[in-house]
Amino acid sequence: MALTNTRALLTVEEYLAEVLALIEPFGAADVDELPLREAAGRTLAAPVVARGDVPAFANSAMDGFAVRSADLAPPTVLRIDAEVLAGSSADPAFGPGACVRIMTGAPLPTAADAVVPVEQTTLLPQGVRIDAPVAAGQHVRAAGEDVRQGAMVLDAGVRLGARTLSAAAGAGHATVRVVRRPRVGVIATGDELVPPGGDLGRGQIFESNATFLAAALTRDGGEATVLPAVRDTDAALAGALDGLAATCDLVVVSGGVSVGDADVTRIVLERAGARFRHVRLQPGKPQGWARWGGRGLPVIALPGNPLSAAVSYETFVAPVLDRFHRRPTPAWTPAVAAAAWSSPAGRRQLVPVLLDVDASGRQLVRPAHRHGSASHMITSLAAADALAAVAEDVTAVAVGDLVAIRRLP
Ligand SMILES: Nc1nc2c(c(=O)[nH]1)N[C@H]1C(S)=C(S)[C@@H](COP(=O)(O)OP(=O)(O)OC[C@H]3O[C@@H](n4cnc5c(N)ncnc54)[C@H](O)[C@@H]3O)O[C@H]1N2
Ligand code: MOO
């Protein structure tokens, strides 16, 4: 077969629009109801609303004494009529000249309207002396002051983690309704690939893209099925795709997308009507997508170079996972270059960078590896905190220039 070098040149946004159009967001049937402890990393399919007021009842913010503020003009000595601990359902009545000993989190007696911390009192044989002025409502946590019954605590599309799951628990829920995980097949292609842990012969390389893709897909709420790396033959790749077609929502292939004679991914998928593109992105220029088989299984093909595959995943596949889950893709934020580096003309460069903060709180970035965004580097991303984007028309980043960054999860 002759080398081909004509393919459409697209911007990052144009190509992203093409791959996003490959899938439909999941609907009402694609929902799992999970116990909170199994839901970390998943995306909410429906809003979580408070089952009741939070806090459910007015309670004390301090260990001390529940009082009626109107009765008090320090120094005042009050009789201690009762004690209420956290968890108590008691509501002791008390009148003028009396108070109730109370602990943090205990329900405020109906007769009280303020709490005096124990540090602002002195215990005497006949009761407790209030040593500081008392304002109505002080140290009282009002019912519903965090959130009212029926109010939304978490919106659909939220990615669940420690903060959000504890809010769901606090709002009275044992389970949450989450979007099911898209089933994603992973196929690495290449005759030169050796499973990690094996021994390399001349010309061979350890397979690492499938490990990246499986972990990133899991991180992003996918359920990865990783096939053993396939050899560079039409039959091997076609057979692998056929094997995944019945069960997967998406397949991600790495390698063989460029313009070489042996780029089997391109050759096999083109027969299935694939679109192979050059994207104004570095690393990650050659890209392709297709629909495979009778069910039209979406396939996204990434370049094989490890940094290219990883950057391509973050740029094109992670947003597809976000679309399945109906959740927003994280935004880019500004940062200031703390080092100078070069960038290719006409391509948006995505550089693995280290983050730092200067004395005035500005976010600083510098490349994580001396080879910057060179596509064969497997350690640069491992060391990085974020990706920095350098605009297509910029060829040199100078110290002090603004770049856009997105933190790596
Ligand atoms: N004549 C041209 N050659 C190339 C072009 C071009 O425009 N014209 N583009 C270059 C760019 S940019 C990239 S990126 C690569 C993409 O190539 P492929 O997607 O076809 O990838 P391979 O050739 O299969 O592999 C590239 C490189 O990555 C290693 N690799 C592949 N798979 C894995 C894996 N699973 N784990 C670890 N490493 C992997 C492979 O051994 C190669 O070294 O094309 C350029 N060429
Ligand atoms: O575009 Mo390639 O992905 O630079 O190595």
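Residues numbered from 1 in each chain as written. Chains lettered and ligands numbered in written order. Predicted model: local features only at pLDDT ≥ 70, side-chain atom pairs only at ≥ 80, totals over all residues. Heavy atoms only, no water.

Most of helix 5 (residues 264-271) is tucked away: six of the eight residues are buried. When helix 5 is considered as a whole, its buried residues turn out to be Val264, Thr265, Arg266, Ile267, Val268 and Leu269. Tucked into the core, helix 5 has its buried residues touching helix 4 (234-245), strand 18 (250-254), strand 19 (275-279), strand 21 (286-292) and strand 22 (297-302). Positioned one or two residues after helix 5, Gly273 has a phi angle of 85 degrees, which is positive. (Buried < 20%, exposed > 50% of the residue type's maximum accessible area, 1.4 Å probe, protein only. Helix = DSSP H or I, 4+ residues; strand = E, 2+ residues; numbered from the N terminus. Contact = heavy atoms within 4.5 Å.)

The next thing to look at is the packing of aromatic side chains. For the coordinates displayed, the defined rule picks out three aromatic pairs. Their ring planes at 35 degrees and their centres at 4.8 Å tell us that Phe26 and Phe324 sit as a pair that is tilted. Linking Phe26 in the loop between helix 1 (12-20) and strand 2 (31-35) with Phe324 in helix 6 (residues 306-325), this pair joins segments that are 298 residues apart in sequence. The two residues Phe26 and Phe324 agree in class, both being buried. (Phe/Tyr/Trp six-rings, centres within 6.5 Å; stacked < 30°, edge-to-face > 60°.)

On to the packing of helix 1 against helix 6, then. Remark: helix 1 packs on helix 6, axes separated minimally by 10 Å, with the N-to-C direction vectors making an angle of 45 degrees. Considering the angle they form, helix 1 stands oblique to helix 6. The hand of the helix 1/helix 6 crossing is right-handed. Note on element contacts: helix 6 touches helix 1 through Thr315, Phe316, Pro319, Val320 and Arg323, opposite Val12, Tyr15, Leu16, Val19 and Leu20. The residue makeup of the contact of helix 1 with helix 6, split by class, is eight nonpolar, one polar and one charged. (Axes fitted to C-alpha atoms, helices over the stretch in contact; angles between N-to-C directions. Parallel < 35°, antiparallel > 145°, perpendicular 65-115°, else oblique. Left-handed = near helix turned anticlockwise from the far one by under 90°. Nonpolar A, V, L, I, M, F, W, Y, C, P; charged D, E, K, R; others polar.)

Right, let's talk about helix 2 (residues 162-170) for a bit. Three or four residues apart is the spacing at which side chains of an α-helix point the same way, because the helix has 3.6 residues per turn. For helix 2, the set of buried residues is Thr164, Leu165 and Ala168. An end-on view of helix 2 places all buried positions within 100 degrees of arc, on one side of the element. Facing away from the buried side of helix 2 by more than 90 degrees, the exposed set consists of Ala162, Arg163 and Gly170. Against strand 3 (48-49), strand 12 (152-154) and strand 13 (175-179) lie the buried residues of helix 2. At the C-terminal side of helix 2, Gly172 shows a positive phi close to 100 degrees. (Arc of directions from axis to C-beta.)

Moving on, we come to the domain arrangement of the chain. When cut into domains, the chain gives domain 1 (8-30 + 181-325), domain 2 (34-49 + 154-179), domain 3 (59-141) and domain 4 (333-407). Centre-to-centre separation of domain 1 and domain 4, based on C-alpha positions: 26 Å. On the side of domain 4, 19 residues touch domain 1, which itself brings 17 residues to the contact. Around 1400 Å² of area is buried between domain 1 and domain 4 when both sides are counted, 57% of it from carbon and sulfur atoms. The largest contributions to the domain 1 side of the interface with domain 4 come from Arg280, Gln282 and Leu307, which together make up 47% of the buried area. (Domains from an automatic or database assignment. Buried area = accessible area lost by both parts, 1.4 Å probe.)

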